[in-house]
2 protein chains.
Amino acid sequence: MSTNRAYNFNPGPATLPLEVLEEFKDRFMNFGGLSLFEISHRSKEFEGILEDAKHLLTELMNIPKGYTVLFLQGGASLQFAMVPLNLMDKKAAYSITGYWSGKAASEAKTVGEVEAAFTSEGANFNRTPKPSEVRPSGSYLHITTNNTIHGTQYRQFPDTGAIPLVADASSDIASRVIEVSKFGLIYAGAQKNLGPAGLTIVIIRDDLIKKSFRTLPAILKYSTHAENNSLYNTPPVSAIYMMKLVLSWLKKKGGLPAIEKENTTKAGLIYDVLDKSGFYKTAAERESRSLMNITFTLPSEDATERFLSEAKKSGLIGLKGHRITGGIRASVYNAFPMEGARTLAQFMKKFEGQQ
Amino acid sequence: MSTNRAYNFNPGPATLPLEVLEEFKDRFMNFGGLSLFEISHRSKEFEGILEDAKHLLTELMNIPKGYTVLFLQGGASLQFAMVPLNLMDKKAAYSITGYWSGKAASEAKTVGEVEAAFTSEGANFNRTPKPSEVRPSGSYLHITTNNTIHGTQYRQFPDTGAIPLVADASSDIASRVIEVSKFGLIYAGAQKNLGPAGLTIVIIRDDLIKKSFRTLPAILKYSTHAENNSLYNTPPVSAIYMMKLVLSWLKKKGGLPAIEKENTTKAGLIYDVLDKSGFYKTAAERESRSLMNITFTLPSEDATERFLSEAKKSGLIGLKGHRITGGIRASVYNAFPMEGARTLAQFMKKFEGQQ
């Protein structure tokens with residue numbers, strides 16, 4: 001099954017653990033005479049899957065009492081709207097550290113007033129702020145914990161006091177130890193670190209569930225989904241099952257402390273080449289470097305094209321940078337294998353040597 | 001693979017064609033060195049899948065020029081909100097023929113004024129209206145083409161003139177020939193007739209895409225998804241692939257005229273037993289009977305329980321009626337096999353004979 005498997009650096013949907021795919025393949029036709037795609041979301045079997053997934057996530061992220069885990073649809077993009085619709089009274093603060101936090105802020109502007117709590121736009125989003133640089137205000141402060149396009153990540157989170165901290169953690173959820181109690185709400189699309197596309201995770205502090213500043217359709221209210229245990233409407237059954245398998249895999253690996261260590265080593269292999277190179281350039285400031293998305297540029301468009309094409313021949317795919325930044329982006333989420341990072345590092349050195 | 005396969009009467013997620021599941025199993029690890037769950041939604045491969053799915057649906061449903069097909073998330077429940085948010089100026093009309101049309105109307109009430117264009121609530125939703133009974137008014141008329149819980153279905157659609165007809169076709173999309181040009185917008189969750197849970201289909205007349213009566217987050221606007229060819233945000237990749245396979249299967253079977261004939265025969269096998277029985281009772285009026293969900297009751301709670309338990313022993317599962325109606329519900333969507341309907345009909349006759 002794994003013979004022709006490529007090293008997949010795509011930014012999401014992203015690589016999944018091979019043993020999860022194998023378990024899925026073994027099991028998906030065997031759900032009491034049905035396939036996984038056919039079981040009812042009201043069945044005992046699926047209820048068990050949902051509970052397992054919730055408990056595993058709670059255990060792995062050490063989610064304290066007083067928080068509720070929701071499994072929704074619509075991706076982070078729907079959360080860009082649901083967060084302000086539910087939680088914003090008149091205004092909220094957004095820390096702008098890249099394309100996606102800008103998108104989140106721009107959706108919030110359709111709901112109320114947005115204050116920029118910080119922005120690194122003037123420096124092409126080359127860093128995340130120090131906690132002291134961020135000015136929380138209004139109903140909440142919104143941050144994007146990891147910036148996939150610019151390759152930056154928050155190492156420390158701002159202290160927002162009584163103002164809830166809301167985080168889009170789509171590209172680094174469950175990749176490192178974080179203190180959930182610092183956050184009012186954490187949301188993430190599953191398709192980078194936790195499973196396939198089509199599933200959104202929301203972790204919400206219970207006092208925020210019932211915030212209500214405006215009349216909303218029930219489907220857009222966190223309270224609806226909380227009251228119905230994520231079964232208000234038909235959930236994405238197979239994506240939740242896949243996430244359960246990914247979370248079990250993560251637990252077996254030693255949980256978040258272990259994966260954080262592994263992610264640090266993996267990213268380190270590639271940053272090490274960048275730091276020793278006079279050829280590759282990375283724009284992200286050292287203290288803001290992402291462990292998930294490593295971005296760099298080559299001296300010319302032509303060299304970039306050759307890099308991508310030779311990498312592909314070596315089984316290294318999905319390395320093309322986002323159109324906004326150009327260059328190269330290596331996304332090395334939880335399930336990306338150490339051996340793949342090593343292979344890329346070697347490839348980079350060899351490629352540089354040939355120039 | 002098919003040896004232990006149950007006859008699955010679940011109302012959705014529902015049974016899928018066995019050959020589709022087999023094709024999925026054969027192919028899902030073989031997408032250019034990746035699994036289906038790992039390919040980028042920006043890849044050429046996925047773009048091909050998306051286009052194939054769109055073209056197949058357009059061909060099968062004979063969708064005329066001037067309509068756009070969108071693949072979204074959030075199920076019909078999110079459409080209950082998106083329809084009024086996008087299309088309602090001050091008021092709209094809703095024909096209330098069951099639980100789900102009531103839900104749609106109640107979400108619309110959070111947006112503007114709702115007029116009841118028809119209701120069969122007084123008769124426990126035992127029928128859908130004749131075209132002449134429906135009074136369209138306001139920005140659109142909303143109907144639910146098939147009522148899964150009460151087992152009724154529109155046989156003829158109201159003529160709404162210049163007022164757009166909006167239809168929730170979640171439980172009968174692509175199960176029969178309809179004239180799309182009569183509709184302004186048709187939406188449906190995929191998980192009954194077209195694929196797994198987590199995917200919503202919207203077919204919208206182009207003049208309605210840009211309707212704009214209020215400021216909305218981009219993610220909630222039809223125009224956003226139309227302008228981005230359903231790739232505004234990460235789509236549910238595997239569900240779209242599965243739908244593509246289901247649509248190919250449908251085409252091979254002879255398309256909608258063929259499946260409509262088959263569905264009529266399938267449902268007829270069960271209605272025939274009901275019509276000849278003094279034991280089973282069906283509430284739905286004959287002219288409103290659904291070809292998708294056949295609902296009936298037994299004389300007692302106890303008989304119902306025995307029916308369900310003995311059916312299960314015979315490999316007939318998912319027959320329990322909705323909690324609102326009680327009794328039995330046999331959902332026999334496109335992929336439900338003729339042989340399963342025959343088996344249920346025989347089982348019903350035998351069970352009645354033993355009473």
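In this text, all values refer to a predicted model and were calculated from it rather than measured experimentally.

**Quick notes on the overall build of chain A**
So, point 1. If you tally the helices and strands in chain A, you get ten helices and 13 strands.
So, point 2. Here chain A has a C-alpha radius of gyration of 20 Å; the compact-globule value for 355 residues is 20 Å, and the two agree.
So, point 3. With the C-alpha coordinates aligned to their principal axes, the bounding extent of chain A is approximately 60 × 55 × 30 Å.
So, point 4. For chain A, the proportion of its 355 residues judged to be buried stands at 56%.
So, point 5. A separation of at least 24 residues holds for 68% of the contacts in chain A among residues at least 6 apart in sequence.

**Comments concerning the sheet that holds strand β5 (residues 141-144) of chain B**
One key point about sheets: their strands pair by backbone hydrogen bonds, in either a parallel or an antiparallel sense.
Residues and elements named next belong to chain B.
So, point 1. One open sheet accounts for seven strands, arranged β2-β10-β9-β8-β5-β3-β4; its pairing is mixed. At either end of the open sheet lies a strand with only one pairing partner, and these are β2 (67-72) and β4 (113-119). Each adjacent strand pair in this sheet contributes to an overall mean axis angle of 20°, direction not counted.
So, point 2. Pairing of β5 with strand β8 (residues 165-168), which is carried by four bridges, proceeds in the parallel orientation. Looking across to β8, one finds that Thr144 is bridged to Asp168.
So, point 3. The strands touched by helix α3 (residues 75-87) within the sheet are β3 (91-96), β5, β8, β9 (185-189) and β10 (200-205), with β9 carrying the most contacts at an inclination of about 155°.

**Thoughts on helix α10 (residues 338-353) of chain B**
Residues and elements named next belong to chain B.
So, point 1. Taking 1.5 Å per residue, 16 residues should reach 22 Å; α10 reaches 23 Å between its end C-alpha atoms and fits that length.
So, point 2. Restricting attention to buried positions, one finds in α10 the residues Gly340, Ala341, Leu344 and Met348. Buried residues along α10 cover an arc of 100° about the axis, so they all sit on one side. Facing away from the buried side of α10 by more than 90 degrees, the exposed set consists of Glu339, Lys350 and Gly353.
So, point 3. Against the buried residues of α10 lie β1 (7-8), α8 (255-275), β12 (316-317) and β13 (328-331).

**Some details on the sheet that holds strand β4 (residues 113-119) of chain A**
Residue and element names in this part refer to chain A.
So, point 1. Across the sheet, which stays open at both edges, the seven strands sit in the order β2-β10-β9-β8-β5-β3-β4 with mixed pairing between neighbours. At either margin of the open sheet sits one strand with a lone partner, and together these are β2 (67-72) and β4. Within this sheet the neighbouring strands show an average axis-to-axis angle of 20°, counted without direction.
So, point 2. The pairing of strand β8 (residues 165-168) with strand β9 (residues 185-189) spans three bridges and is parallel. If you follow Val166 over to β9, its bridge partner there is Leu185.
So, point 3. Against the sheet, helix α4 (residues 99-108) touches β3 (91-96), β4, β5 (141-144) and β8, its axis set at about 165° to β3.

**Observations concerning the packing of helix α2 (residues 44-61) of chain A against helix α7 (residues 237-252) of chain A**
Residues and elements named next belong to chain A.
So, point 1. Viewed as axis vectors pointing N to C, α2 and α7 meet at an angle of 40°, and their least axial separation amounts to 9 Å. If you check the angle between α2 and α7, you find them oblique. Seen along the crossing, α2 lies across α7 with a hand that is left-handed. For the pair α2 and α7, contact is made by Phe46, Ile49, Leu50, Asp52, Ala53, Leu56, Leu57 and Leu60 and by Val237, Ile240, Tyr241, Met243, Lys244, Leu247, Ser248, Leu250 and Lys251, respectively.
So, point 2. Taken together, the residues of the contact of α2 with α7 sort by class into 13 nonpolar, one polar and three charged.

**Things to note about the interface of chain A and chain B**
So, point 1. If you look at the interface, chain A gives 54 residues, while chain B gives 54 residues.
So, point 2. Counting only elements with at least two residues in the side of chain A that touches chain B, the list comes to α1 (18-27), α3 (75-87) and α7 of chain A.
So, point 3. In terms of residue count, the dominant contributor to the side of chain A that touches chain B is α3(A) (five residues).
So, point 4. For the side of chain A that touches chain B, the residue count by class is 27 nonpolar, 23 polar and four charged.

**Quick look at the relation of the copies chain A and chain B**
So, point 1. With an RMSD of 0.0 Å, chain A superimposes on chain B once it is rotated by 180° and translated 0.0 Å along the axis. Those values place the two copies in the arrangement expected of a two-fold rotation axis.

**Re the packing of α1(A) against α7(A)**
All names here are of chain A.
So, point 1. Their axes nearest at 9 Å, the elements α1 and α7 cross at an angle of 135°. The pairing of α1 with α7 is recorded here as oblique in orientation. Of the two possible hands of crossing, α1 and α7 adopt the one that is right-handed. Contact residues: Glu19, Val20, Glu23 and Phe24 in α1; Met242, Leu245, Val246 and Trp249 in α7.
So, point 2. Class assignment for the residues of the contact of α1 with α7 results in six nonpolar, no polar and two charged.

**Comments concerning the environment of Glu339(B)**
All names here are of chain B.
So, point 1. Position of Glu339 relative to the elements: it lies in helix α10.
So, point 2. Look at Glu339 and you get exposed, because 10 C-beta atoms sit within 10 Å.
So, point 3. For the pair Glu339 and Glu262, spaced 77 residues apart in sequence, the C-alpha to C-alpha distance is 11 Å.

**A short note on the pairing of β3(B)**
In regular strands, side chains alternate between the two faces of the sheet.
Residues and elements named next belong to chain B.
So, point 1. By the criterion of burial, β3 is predominantly enclosed, with five of the six residues buried.
So, point 2. The parallel pair β3 and β4 is bridged by helix α4 (residues 99-108), and the resulting crossover is right-handed.
So, point 3. Note: β3 against β5, two bridges, orientation parallel. Within β5, the position partnered with Ala93 by the bridge is Leu141.

**With respect to the environment of Tyr187(A)**
All names here are of chain A.
So, point 1. Mapped onto the fold, Tyr187 is located in strand β9.
So, point 2. Separated by 158 residues in sequence, Tyr187 and Met29 place their C-alpha atoms 31 Å apart.
So, point 3. With residues up to four places along the chain from it excluded, the contact list for Tyr187 reads Ala76, Gln79, Asp168, Thr200, Ile201 and Val202.

**Quick look at the confidence of the model for chain A**
So, point 1. Averaged over all residues, the pLDDT of chain A equals 97, while 99% of them reach at least 70.
So, point 2. Both scores are available for the predicted complex, with the pTM at 0.97 and the ipTM at 0.97.

**Considering unusual backbone geometry**
So, point 1. Note that the residue after Gly12(A), namely Pro13(A), is joined by a cis bond; omega there is -5°.
So, point 2. Here Pro13(A) lies in the loop between β1 (7-8) and α1.
So, point 3. Positive phi is not limited to glycine here, since Phe125(A) has a value of about 55°.
So, point 4. One non-glycine residue, Asn62(B), adopts positive backbone phi at about 55°.
So, point 5. With respect to the helices, strands and loops of the structure, Asn62(B) is situated in the loop between α2 (44-60) and β2.

**A closer look at the domain arrangement of chain A**
All names here are of chain A.
So, point 1. Assigned domains of chain A: these are domain 1 (20-252) and domain 2 (256-353).
So, point 2. In this assembly, 25 residues from domain 1 lie in contact with 23 residues from domain 2.
So, point 3. Secondary structure elements with two or more residues in the side of domain 1 that touches domain 2: α2, β6 (146-147) and β7 (152-153).
So, point 4. Across the side of domain 1 that touches domain 2, the residue classes tally to seven nonpolar, 13 polar and five charged.

Here is what the cut-offs are and how they apply
- Along each chain, residues carry numbers from 1 onward, in the same order as the chain's sequence is written.
- Numbering of ligands from 1 and lettering of chains from A proceed in the order in which they are written.
- Two thresholds apply to this predicted model, a pLDDT of at least 70 for residue-level local features and 80 or more for giving and counting side-chain atom pairs, whereas whole-chain, interface and lining totals are computed over all residues.
- The secondary structure listing takes helices from DSSP runs of H or I that are at least 4 residues long and strands from runs of E that are at least 2 residues long, numbered from the N terminus.
- C-alpha atoms define the radius of gyration, and 2.2 Å times the number of residues to the power 0.38 defines the globule rule.
- Exposed residues have 12 or fewer other C-beta atoms within 10 Å of their own C-beta, buried residues have 20 or more, and residues in between are partly exposed; the C-beta atoms are placed from the backbone.
- Residue pairs are scored as contacts if the distance between their C-beta atoms, which are placed from the backbone, is within 7 Å.
- Pairing between two strands is assigned when DSSP locates at least 2 bridges connecting them.
- Helix axes are fitted only over the stretch in contact, all axes being lines through C-alpha atoms; the angle between N-to-C directions runs from 0 to 180 degrees.
- Under the convention used throughout, the expected extent of a helix is 1.5 Å for every residue step, that is, one less than its residue count.
- This arc describes the spread of directions from the helix axis toward the C-beta atoms.
- Each angle gets one of four labels, with under 35 degrees taken as roughly parallel, over 145 as roughly antiparallel, 65 to 115 as roughly perpendicular, and the rest as oblique.
- Crossings are classed by handedness, with left-handed meaning an anticlockwise turn of the near helix from the far one by less than a right angle and right-handed meaning a clockwise turn.
- In this count, Pro and Cys sit with the nonpolar residues alongside Ala, Val, Leu, Ile, Met, Phe, Trp and Tyr, while Asp, Glu, Lys and Arg are called charged and the others, Gly among them, polar.
- Residues reaching a pLDDT of at least 70 in both copies supply the C-alpha atoms on which the copies are superposed by least squares.
- Note on handedness: a crossover is taken as right-handed if, strands pointing away from the viewer, the path from the first strand over the helix to the second is clockwise.
- What pLDDT conveys is the predictor's confidence in a given residue, as a value from 0 to 100.
- An automatic or database domain assignment is the source of the domain bounds shown.

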